[in-house]
Amino acid sequence: MTAAARGPDPASSSADPVAVLVGAAAWAFAGMALVAHLTPWLGAWLPIGAWVALAGAAGAAGVLLTRPARIRIPTAAWLALVPTAAVAVAGSVATWARGAAGLAWATHNDAAWTLMQTRAVIEDAGVDPAAPVNAAPLTSIWLAPFVQLGRLSTPLEERLHGDLAWQAQGWLVLMLLVSVVVAAIAWCMLSAARRTGARAVLAAVGSLVPWGAYFAGHAMSTGWVNASVGLLLLALAWLAWLRARLGDPRTVLIALSGTATAMLAAWAPLALVPAALAAGVAWQERRRLRSDTGIARIVLLALVPAGYAALVLLPAQLRVPRALANEGGAILVPWWGSAAVAALAVLLAIALRSGPLLVGTSLVVGSGAAVVGALVLNRIGAGAAAWGYYPAKAQWLLTGMLALIVLFEGVALLIRLADRHPRAAAPLRLGGLVLLGSATWCTGLLLTPFSAWSYPPVDLVAQTGANRDPAIPETIVRLGAGDGRGLAAQLLGRSRDLEVDIWLVEQLAQAGDDPERILALMSGFHPDDSSAICRIANALGGGITVTTAVPVVADQLAKCTGVRDVRLAG
């Protein structure tokens, strides 16, 4: 039985320590977003380190709104985090040790766009309201301190390499935070494991699942840094729900309010999920909340995400009404796969006879379906095909979160069966561990065919999978050195040249440049077309150095007015 189902005396009014920690984390992220929006508007230059400090203060304020609770975390729970910490450290060391070659995993597709937005946040000392719209700045706000820290020790001519390396480190920390929260979810949902040591082992293995092919693997291969932020906030919201009956419900509502606010700044449509869970908590605990004199504080905190949506998101959406109808992406998870996972989550909750777990799962399924449906309708209303970048990405994230719930529900059910059938206890418990371990290594097999047997931490060390092409980051760093005004043309091959050139073009974007202009600039760009290279060079203001491996191309580009120099490689 889950912790959510076993709640203590409903009359308890002390704050649950785990919910307090969730609230502190959620409001820290929300605080970063709120502060970053305010600093440029106030005309004040605020070092990024101060943003982090203020975000911490915001988290602390959320904690202080609850009744004091002494936070005690069992030693076994701390030990459960050792494997995922080791994975993060190994990935970080492997990335640093190989220099540019070790950054192949962090240089795919959307990662270039993320770094451009991060640079804008640094140069504008926040999210400038007068600058082009960035309706989902939280990922860049999170990465900005890492990139800024790297710039303190990186020579100007090596800035692109430093920015790349430190963005990668910030991303690894995000993945670590996701796995820590997932470990906490496993610890709570697997409370039926009576021995603390066994529970810690299960939580430790469960914490490695987010490092698998489905989550980290696909995010790395597509450059989806913000997917890690989205998954982190979804996991925090679910963890808060699991603690709803274990203490003062105000604490959980405060945590969910912070999660919703942060999600609005990271992956706005998905804010409906923590909002739905908060509504569920408010309804289930309405009697206790009515008698609580501190209800005004909950109402006040509920106004924060509402105010952020009205003052920040709505104007951004009105300025770029087709933003959520963008093309790109693919059907990462077939509709029947998502439906099967959702149905299984509900059925397992019923099998566990946990009312709160059933209600929470149903809220996630219902609100998630509403998010994907709204994104599909938005595309249809914009005259586009039903499926596209944002519906596909939302479905992938939500299905992954539900798959985690299914995974821990399944193991909890095996533990319960082991208690009821002592003769089969050993194989049933071993089955739970095998289930977690297999999901850790080959999560991709559960739903999709991509990188099914790949495990990203191994890829980071062995330079396989998403980290198997070191020539791309090496070329990006080499051509981006100095003033950074370089391009590749028929150098590594068409697709690889395009990836290199996307990074090189986007690093030339300044804080005041329209991101849509950069996208338009790269639209239909073919690096093996000399005329396209000339167009890009002239659009960037000239002074571009082009490197090619084809002498004929070098002769053609030498006649281009925007090209400063042509270098013949090898």
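Here, every reference points to the structure presented above.
Residues numbered from 1 in each chain as written. Predicted model: local features only at pLDDT ≥ 70, side-chain atom pairs only at ≥ 80, totals over all residues. Heavy atoms only, no water.

Draft legend 1. Representation of the packing of helix α5 (residues 111-123) against helix α6 (residues 138-151). Close contact between α5 and α6 brings their axes to 8 Å; oriented N to C, the two are set at 75 degrees. The angle between α5 and α6 falls in the class roughly perpendicular. Taking contact as the criterion, the partners of T114, L115, Q117, T118, R119, V121 and I122 in α5 are, on α6, T139, S140, I141, L143, A144, V147, Q148 and R151. Grouping the amino acids of the contact of α5 with α6 by side-chain chemistry returns 7 nonpolar, 6 polar and 2 charged. (Axes fitted to C-alpha atoms, helices over the stretch in contact; angles between N-to-C directions. Helix = DSSP H or I, 4+ residues; strand = E, 2+ residues; numbered from the N terminus. Parallel < 35°, antiparallel > 145°, perpendicular 65-115°, else oblique. Contact = heavy atoms within 4.5 Å. Nonpolar A, V, L, I, M, F, W, Y, C, P; charged D, E, K, R; others polar.)

Draft legend 2. The packing of aromatic side chains, seen in detail. Applying the stated criterion across every chain, the model contains 10 aromatic pairs. Relative to W166, the ring of W96 lies with its centre 5.4 Å away and its plane at 70 degrees, an arrangement referred to as edge-to-face. Within this pair, whereas W96 is found in helix α4 (residues 82-97), its partner W166 is found in helix α7 (residues 159-189), the two being separated by 70 residues in sequence. W96 gets classed as partly exposed once you look at its relative accessible area, which sits at 40%. The interplanar angle of 70 degrees and the centroid separation of 5.9 Å between the aromatic rings of W267 and Y390 together place this pair among those described as edge-to-face. On the criterion of sequence distance, the pair formed by W267 in the loop between α11 (249-264) and α12 (272-284) and Y390 in helix α17 (residues 389-420) is long-range, its members being 123 residues apart. With relative accessibility at 22%, the residue Y390 sits in the partly exposed group. Through a chain of ring-to-ring contacts, the aromatic side chains of Y214, F215, W224, W267, Y389, Y390 and W396 assemble into a single cluster. (Phe/Tyr/Trp six-rings, centres within 6.5 Å; stacked < 30°, edge-to-face > 60°. Buried < 20%, exposed > 50% of the residue type's maximum accessible area, 1.4 Å probe, protein only.)

Draft legend 3. Representation of unusual backbone geometry in the model. The phi angle at R353 is positive, at roughly 55 degrees, despite the residue not being glycine. Non-glycine residue Q463 carries a positive phi angle of around 55 degrees. Within the element layout of this structure, Q463 appears in the loop between α20 (456-462) and α21 (471-479).

Draft legend 4. Structural detail: the sheet that holds strand β3 (residues 563-568). As summarised here, the arrangement of the 3 strands in space is β1-β2-β3, forming an open sheet in which the pairing is parallel. Looking along the sheet, the strands with just one partner apiece sit at the ends: β1 (486-489) and β3. Sheet twist, expressed as the average angle between the axes of neighbouring strands with direction ignored, equals 25 degrees. (Pairing = 2+ DSSP bridges.)

Draft legend 5. Structural context of the side chain of D501. Tracing the chain through its elements places D501 in helix α22 (residues 494-506). Look past the residues within four positions of D501 in its chain and what remains in contact with it is L487, A488, M522, F525, P527 and I533.

Draft legend 6. Focus on α21. With 7 of 9 residues buried, α21 lies mostly within the body of the structure. Of all the positions in α21, only A471, I472, P473, T475, I476, V477 and L479 are classed as buried. The secondary structure elements touched by the buried residues of α21 are α7, β1, α22 and β2 (544-548).

Draft legend 7. A look at the pattern of salt bridges. Counted according to the given criterion, the structure contains 5 salt bridges. The residue R119 makes a salt bridge to D163 at a minimum N-O spacing of 2.9 Å. Taken together, the positions of R119 in helix α5 and D163 in helix α7 put the pair 44 residues apart, joining distant regions of the chain. Here R119 matches D163 in class, with each residue buried. Among the ionic pairs, D469 bridges to R496, the shortest N-O distance being 2.9 Å. With a gap of 27 residues between them, D469 in the loop between α20 and α21 and R496 in helix α22 connect regions that are remote in the sequence. One salt-bridge network, in which partners are shared between bridges, spans R119, R151 and D163. (Salt bridge = Lys/Arg side-chain N within 4 Å of Asp/Glu carboxyl O.)

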